[in-house]
Amino acid sequence: MKQLTNRRSFLKTASAGVAGAAFLRSAHGLASPTNHLNVAVMGVHNRGGGLASAFARAEGCEVTHICDVDDRAVAKTVKDVAEITGSNPPMGVVDFREALDNPDVDILVIAGPDHWHAPAAIMALQAGKHVYVEKPGSHNPREGEMLIEAQQYYNLKVQMGNQQRSSEESSQVIEAIREGIIGRPYYARAWYANSRGSIGTGQSAPVPDWLNYDLWQGPAPRMPYMDNRIHYNWHWFWHWGTGEICNNGTHEIDVCRWALGVDYPMRVRSSGGRYHFKDDWEFYDTQIACYDFEGDKTITWDGRSCNARLVEGRGRGASIHGEYGTAIIDRNGYVVYDQDNNEIWKRSRTSGEATMDIRGGGGLTDRHIVNMMQAIRDGEPLNSPISDGQKTTLLCHLGNIAQKTGRTLMCNPENGHILNDEEAMKMWEREYEPGWEIKI
């Protein structure tokens, strides 16, 4: 009965205490900046276009370069940014390395394909730039390790784009979980449900005149151009992408790891496959991955790319289960239930966050950007430093490796490395196109 009394006591003070603290953080976060930051954005066809607009709206920030291998995306985003700022348009370039050569650029924003995330981030750090890199922060586990090594060596800021870490609502309910609102949390479930169509069977085709395909491939070994991979469908090929678990699961698995207070697993297993369509899609449209941690805690990922049946009335989200109740968390708020399924606490965002489209955007993205600029200007802690973000990315990679090998992975809970499985550890890193090897 003591724990229940404490939980009720917590609820009486939560709105005044935790919410009040969140408000103070918000007020500080929106304070006027004291110095100017110049930003280059790489990869603007979908998510990167939204990030370019968000950075353009940020006070004390100027988007000076729009970088993309697609001439059409460059032209559109340059126009979009100019309409937001009402000033001179940013420079449009095909090769982001031109922006890295510019000493006036302070930040590189990376939203290209997954195989570019870590290589571009490391190149930016070597050029003296801070980095905002979209999730996942790496194409494979070794790249994540190398990116952390580079960040520590160059001592610059690297924020991963899992923007829910900047949510006041998520921060509030996770603080409440740690204070005991649902008792000891021991199980967390992450899910994503969508109705993606088939990508068909690709055909060899000439490279479009608007695309620099060689630069698009960059560090990845060269493959012939096919007509069903660019732009978005590269996500579903091992050569460039990381599947749905890294594409979207990174967000919700991160919330689960945050809520349970865990880092690296001791055991990983996965079931599923490409069930819905017979096409070129190489990853899994249905996947259940399970991660067991020391301290009797478990996270599961329920990914359905081709069946949009909602879970808890949501297309995506996380549920945190404890001794005395459950918390349901998504980008737009949370609901807490007791063991009798009575709703005991709820909070929703006043302005919704994009949850299921491929561009994203909304208040959480804006707050994540403000947090990064505060970190650069004032030394404030990053909400998702790459050293922490890569722990979640690694969970996603391990889920894919477990599924690919078809067996349970035993892992070192100190660093996530796979134990006693040479075949699985071969997937820890990748081969690179000659001349594109990552060097720190």
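Scroll up to find the structure this text is about.
Residues numbered from 1 in each chain as written. Predicted model: local features only at pLDDT ≥ 70, side-chain atom pairs only at ≥ 80, totals over all residues. Heavy atoms only, no water.

J.: Which residues make up the overall build of the chain, and what values go with them?
T.: For the chain, the count of helices and strands is 13 helices and 15 strands. Taking all contacts inside the chain whose residues are at least 6 apart in sequence as the whole, residues at least 24 apart take part in 71%. When the accessible surface of the chain is totalled, it reaches about 17,900 Å², and 48% of it is carbon and sulfur. (Helix = DSSP H or I, 4+ residues; strand = E, 2+ residues; numbered from the N terminus. Contact = heavy atoms within 4.5 Å. Areas by Shrake-Rupley, 256 points an atom, 1.4 Å probe, with all protein chains shown as cover.)

J.: Residue-level account of the sheet that holds strand S6 (residues 158–160), with values.
T.: Pairing within the open sheet is parallel, and its 6 strands lie in the order S3-S2-S1-S4-S5-S6. With partners counted over all chains shown, the strands left at the sheet margins are strand S3 (91–93) and S6, one partner each. Across the sheet, the mean angle separating the axes of adjacent strands is 20° when strand polarity is ignored. Looking at chain direction, strand S1 (residues 37–42) and strand S2 (residues 61–67) are connected through 6 bridges and run parallel. Of the residues in S2, the one forming a bridge with Val 39 is Val 63. Each of S2 and S3 touches helix H3 (residues 71–85); the most contacted strand, S2, lies at about 165° to it. (Pairing = 2+ DSSP bridges. Axes fitted to C-alpha atoms, helices over the stretch in contact; angles between N-to-C directions.)

J.: Describe the pattern of salt bridges, listing the residues and the values that go with them.
T.: Where charged atoms from two side chains of opposite charge come close, those side chains can pair. The full count for this structure, using the stated rule, is 29 salt bridges. Among the ionic pairs, Arg 165 bridges to Asp 388, the shortest N-O distance being 3.4 Å. With Arg 165 in the loop between S6 and helix H7 (168–178) and Asp 388 in helix H12 (residues 386–405), this pair connects stretches of sequence that are 223 residues apart. Take Arg 165 and Asp 388: they sit in the same class, and that class is buried. Glu 169 is the partner of Arg 349 in a salt bridge, and the nearest nitrogen-oxygen pair spans 3.5 Å. (Salt bridge = Lys/Arg side-chain N within 4 Å of Asp/Glu carboxyl O. Buried < 20%, exposed > 50% of the residue type's maximum accessible area, 1.4 Å probe, protein only.)

J.: Tell me what's going on with the packing of helix H5 (residues 114–126) against helix H6 (residues 141–154), and back it up with residues and numbers.
T.: Between H5 and H6, the shortest axis-to-axis distance is 10 Å and the interhelical angle comes to 10°. The angle between H5 and H6 places the two elements in the roughly parallel class. Two packed elements cross with a definite hand, and for H5 against H6 that hand is left-handed. Of H6, the residues touching H5 (which contributes Ala 118, Pro 119, Ala 121, Ile 122, Leu 125 and Gln 126) are Glu 143, Met 146, Leu 147, Ala 150, Gln 151 and Tyr 154. Along the lines of polarity and charge, the residues of the contact of H5 with H6 split into 9 nonpolar, 2 polar and 1 charged. (Parallel < 35°, antiparallel > 145°, perpendicular 65-115°, else oblique. Left-handed = near helix turned anticlockwise from the far one by under 90°. Nonpolar A, V, L, I, M, F, W, Y, C, P; charged D, E, K, R; others polar.)

By themselves these figures say nothing about function.
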